[in-house]
Amino acid sequence: MKCYRKIVVLTGAGISAESGIRTFRASDGLWEEHKIEDVATLEGYIKNPKLVLDFYNQRREQCCLSDIKPNLAHYALAKLEREFSGDFLLVTQNIDNLHEVAGSKNVIHMHGELLRARCSHCAQVFSWSTKEMSIHDVCEHCKRQGGIRPNIVWFGEIPFALDIIYDALFDADLFIAIGTSGHVYPAAGFVDEATSAGAYTIELNLASGAQKSNFDEMILAKASISVPQLVTKLLAK
């Protein structure tokens, strides 16, 4: 295997599914019996903030359950970051904290984080752990009530840190996508950006994603199996 100097990894729901984090969206287009536009858009939040906050309170509670732990794929990526001699960036579409719990440091949550909140009034972002979010919460910064929302990128909103991500993709010589469907943009287009910059591209998934023809190599297996194997090969070089 070629020696690489700059690696960008993208992870999706598939890597967390093995840890027991349910993927929200079902084949019928509903998220946990809710219409997406009702619980995952700014319009839905403005219309019924209590419904939206309750929805994410349930997601946060699930994320913090004692039996939800990183799996071997999470730990392998943390090891790759620690031991790789070049530049490494981990970009995740997931809003859980399993990468950090496993030891990853250089992580971008492009779709936000369940354990962080944002004030709609002053735009301040701050940690929010197990406490339930309520329409009655007061912002610790601007002291205004009723504006606290999850620091999550909803449909129609721009993902976080895209400038940093694209800069890394343009400079990468290896791009790895793990457990992603290839349907959600802009992340689905990252493989094209990496390819145009000359990077070698690998997809690790249970089944071929929507962008399968755009990858140089595809590995079909559970992330907990395929990721540690790939990391071992990369670090051997």
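To start, this report covers the structure provided alongside it. This structure is a prediction, so every number in the text was calculated from the model and none was measured. (Residues numbered from 1 in each chain as written. Predicted model: local features only at pLDDT ≥ 70, side-chain atom pairs only at ≥ 80, totals over all residues. Heavy atoms only, no water.)

Turning our attention to the pairing of strand 1 (residues 6-11). With 5 of 6 residues buried, strand 1 is to be regarded as a mostly interior element. As defined by bridge partners, strand 1 adjoins strand 4 (residues 87-92) across 6 bridges and the pair is classed as parallel. Of the residues in strand 4, the one forming a bridge with leucine 10 is valine 91. Strand direction decides the pairing type here: strand 1 and strand 9 (residues 174-178), joined by 5 bridges, are parallel. What sits directly across from valine 8, in strand 9, is phenylalanine 175. (Buried < 20%, exposed > 50% of the residue type's maximum accessible area, 1.4 Å probe, protein only. Helix = DSSP H or I, 4+ residues; strand = E, 2+ residues; numbered from the N terminus. Pairing = 2+ DSSP bridges.)

Attention shifts here to the environment of isoleucine 108. Among the secondary structure elements, isoleucine 108 is positioned in strand 5 (residues 107-109). Beyond its immediate stretch of four places on either side in the chain, isoleucine 108 contacts Leu89, Leu90, Val91, Thr92, Phe160, Ala161, Ile164 and Ile165. (Contact = heavy atoms within 4.5 Å.)

With that out of the way, let us pick up the nonpolar core. One finds Ile7, Val9, Ile176, Ile178, Val227 and Leu234 to be the most contacted residues of the largest nonpolar core, which totals 22 residues. The element best represented in this core is helix 9 (residues 223-236), accounting for 5 residues. If near-sequence neighbours (up to four positions away) are discounted, valine 9 is found in contact with Leu77, Phe88, Leu89, Leu90, Val91, Ile176 and Ile178. Among the nonpolar cores identified, the runner-up in size contains 20 residues, and Cys63, Ile95, Phe126 and Ile148 belong to it. (Core = buried A, V, L, I, M, F, W, Y, C linked by side-chain atoms within 4.5 Å.)

Once that is clear, we can look at helix 9. Think of an α-helix as turning once every 3.6 residues; residues three or four places apart then point the same way. In this model helix 9 runs 19 Å from its N-terminal to its C-terminal C-alpha over 14 residues, within 8% of the 20 Å that 1.5 Å per residue would give. Taken together, the buried positions of helix 9 are occupied by Ala223, Ser224, Ser226, Val227, Leu230, Val231 and Leu234. What you see down the axis of helix 9 is that its buried residues fit within an arc of 165°, all on one side. Away from the buried face of helix 9 by more than 90 degrees, exposed residues Thr232, Lys233 and Ala236 are located. Buried-residue contacts for helix 9 involve strand 1, helix 1 (13-17), helix 5 (72-83), strand 9, strand 10 (200-205) and strand 11 (217-220). (Expected span 1.5 Å × (residues − 1). Arc of directions from axis to C-beta.)

As summarised here, the arrangement of the 3 strands in space is 7-6-8, forming an open sheet in which the pairing is antiparallel. Of all strands in the sheet, those with a lone pairing partner are strand 7 (125-127) and strand 8 (148-152), marking the two edges. Averaged over all pairs of adjacent strands, the angle between their axes in this sheet comes to 45°, without regard to strand direction. Bridge count for strand 6 (residues 112-119) against strand 8 is 5 bridges, and the pairing is antiparallel. Bridged to cysteine 119 within strand 8 is isoleucine 148. (Axes fitted to C-alpha atoms, helices over the stretch in contact; angles between N-to-C directions.)

Attention now moves to the environment of proline 159. Note that proline 159 resides in the loop between strand 8 and helix 7 (162-171). Each C-alpha atom, one on proline 159 and one on alanine 187, is 9.3 Å from the other, the two residues being 28 residues apart in sequence.

What follows deals with the pairing of strand 9. Counting buried residues in strand 9 gives 5 out of 5 residues, a clear majority hidden from the surface. Residue alternation in strand 9 divides its side chains into two sets, Leu174, Ile176 and Ile178 and Phe175 and Ala177, and both sets are buried. Pairing geometry for strand 9 and strand 10, over 5 bridges, is parallel. Each residue of the ladder has a partner; that of alanine 177, found in strand 10, is glutamate 203. As for the winding sense of the linkage, the β-α-β connection from strand 9 through helix 8 (residues 190-196) to strand 10 is right-handed. (Right-handed = clockwise from strand over helix to strand, strands pointing away.)

Applying the stated rule across the entire model yields 6 salt bridges. A salt bridge links aspartate 171 to lysine 6; its shortest N-O distance comes to 2.2 Å. Of this pair, aspartate 171 sits in helix 7 while lysine 6 is found in strand 1, placing the two residues 165 residues apart along the sequence. Take lysine 6: its relative accessible area is 22%, and that puts it in the partly exposed class. For the salt bridge of arginine 149 with glutamate 157, the shortest nitrogen-to-oxygen distance reads 2.9 Å. (Salt bridge = Lys/Arg side-chain N within 4 Å of Asp/Glu carboxyl O.)

Take it as geometry only, folks, not as evidence of what the structure does.
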